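Overview (structure and organization)
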Amino acid sequence: MTVEQICRLFNIPGALVEEKKLSAGNINATYTALFREESGAETRYIVQRINGYVFKEPTQIMSNIEAVTAHIRAKLEAEGKDPSRLVLQFLHTDEGKNFWQDEAGNVWRIYYFIPNSVAVDATDDRNILRNAGAAFGAFQKNLLDFDASRLFETIPDFHNTPKRLDTLFAHVEQDPCGRVAEAQPLIDYIAEKRELAGSLIHQVEAGTLPLRVTHNDTKCNNVLFDGTTGEELAVIDLDTIMPGLMAYDFGDAVRFAANTAAEDEPDVSKVSLDLERFRAFAEGFVGALGDTMTEAELDSLSVGAFAITIELASRFLDDYLTGDKYFAVSRPKHNLERTACQIALARDMERKLEQMKKIVRTIAKS
Ligand code: ADP
Ligand code: GN1
Ligand code: MG
């Protein structure tokens, strides 16, 4: 189906005057569509096709998103804020659904494009990083009183690091594509760090770290900022909202935003953890959540960055070893390069772990 045909199913008025494909994410297909009505009024929409390989139950995702966005919207309104640029708003079909499944089985959804907003892939701008931290912190804070039993677990064990590593090592044994040999040094490092990488999940099992309603995919480009002021607006990419660890939301953001190189940089000598970027993000995040965190949560944040970096390395590597089916790749060794990049970052985080913890403690006291 065409983007225009999908838009008609959601009763969008006017004529389609511009359509573009965006190429930011690794999972879904995202388009923008601009419609002009006879009055001259123009409205831009985001039209997205959900990746059915990754998300086996798209109706459950859309149910989670409906519930969470309604909760946040009500909260913002109660605080006297205009929610239109602060939370995503999805369109509905005549049947009242916030998605449409086409004959080929593809699931589509449409929501309003937030005007004068920007998503930032990588930045050294402390103000933007602090605002990103504040946005993800506020997102969790707004969901503190959300009943997690209303959520479907849309990707079971999504951030269960020990299970991710078990899966990786099972595939290392099987070596289905004959790719293990070239990845051996990376595999060895992951094996060596198995315990530390799994330590937070073990704390959850032991009852010393709480589960929260978390975003679970906190890359910097999943926050929209005001195009003029750089102020944080909405948190987007809501597919992975599930119960999870505060430290993993913090850590995944740090993994992406405090790396001096891109997530898939092939030259690992460019990769390192920038402590000033780390500090800026932590100021925003801890500032927003501060007194709602337990002591154990505060202590877990820096280890969370290390753990999620090892976890993502193992996911990239698992995808490489099993034939590149999950993450979109643009070159043959893309997933192997992503793995090497994440391992280089994890090694640097390990070296800087005590400094990271000290920065978090200083922020929490101030
Ligand atoms: P993916 O799952 O592929 O990462 P996202 O939902 O994060 O998809 O959207 C991809 C990109 O589209 C974002 O990084 C952002 O640039 C843009 N985008 C998404 N939603 C909006 C919106 N409501 N308003 C403006 N831009 C948006
Ligand atoms: C995927 O959709 P996107 O690009 O925001 C992935 C994340 C990874 C990320 C790495 C559902 O996120 O878990 O951290 O790639 N999302 C899913 O870039 O697997
Ligand atoms: Mg995204």
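Residues numbered from 1 in each chain as written. Chains lettered and ligands numbered in written order. Predicted model: local features only at pLDDT ≥ 70, side-chain atom pairs only at ≥ 80, totals over all residues. Heavy atoms only, no water.

This brings us to the site of ligand 1. Not every one of the 19 residues close to ligand 1 is listed here, only the nearest: Q48, Y112, I114, N222 and D237. Between ligand 1 and Q48 there is a distance of 2.9 Å, counted from an oxygen atom to a side-chain nitrogen or oxygen. In this structure, Y112 approaches ligand 1 through a main-chain N or O atom, which is 3.1 Å from a nitrogen atom. Within the complex, the protein chains bury 92% of what would otherwise be the 550 Å² of accessible surface of ligand 1. For the shell around ligand 1, a count of residues per class yields 11 nonpolar, 7 polar and 1 charged. Taken together, domain 1 (3–115) and domain 2 (126–365) each give at least three residues to the shell around ligand 1, which thus spans both. (Near = heavy atom within 4 Å. Polar contact = N/O pair within 3.5 Å; in protein donor to acceptor, adjacent residues only side chain to side chain. Areas by Shrake-Rupley, 256 points an atom, 1.4 Å probe, with all protein chains shown as cover. Nonpolar A, V, L, I, M, F, W, Y, C, P; charged D, E, K, R; others polar. Domains from an automatic or database assignment.)

Another point: the coordination of the magnesium ion (ligand 3). Coordination sphere of the magnesium ion (ligand 3), protein contribution only: N222 (OD1) and D237 (OD), at 2.2 Å. Of this pair, N222 sits in the loop between β7 (212–214) and β8 (223–226) while D237 sits in the loop between β9 (232–235) and β10 (242–244), and the two are 15 residues apart along the sequence. Exposure remark for N222: the relative accessible area of 4% places this residue in the buried category. (Donors = N, O, S within 2.8 Å, 3.2 Å for Na, K, Ca; no water. Helix = DSSP H or I, 4+ residues; strand = E, 2+ residues; numbered from the N terminus. Buried < 20%, exposed > 50% of the residue type's maximum accessible area, 1.4 Å probe, protein only.)

The full count for this structure, using the stated rule, is 3 cavities of 30 Å³ or more. The calculated volume of the largest cavity comes to roughly 40 Å³. Lining the largest cavity are Q48, I65, L88, F90, R109, Y111, D237 and L238. The residue makeup of the lining of the largest cavity, split by class, is 5 nonpolar, 1 polar and 2 charged. (1 Å grid on protein atoms, 1.4 Å probe; cavity = no way out; pocket = protein on both sides within 12 Å on 5 of 7 lines; lining within 4 Å. Points joined across faces, edges and corners; volume = space filled by probe spheres on them.)

With respect to the element layout, R126 can be found in helix α3 (residues 126–142). Remark: the alpha-carbon pair of R126 and T59, spanning 67 residues in sequence, is separated by 38 Å. Setting aside residues up to four positions removed in sequence, R126 forms contacts with E276 and A280. (Contact = heavy atoms within 4.5 Å.)

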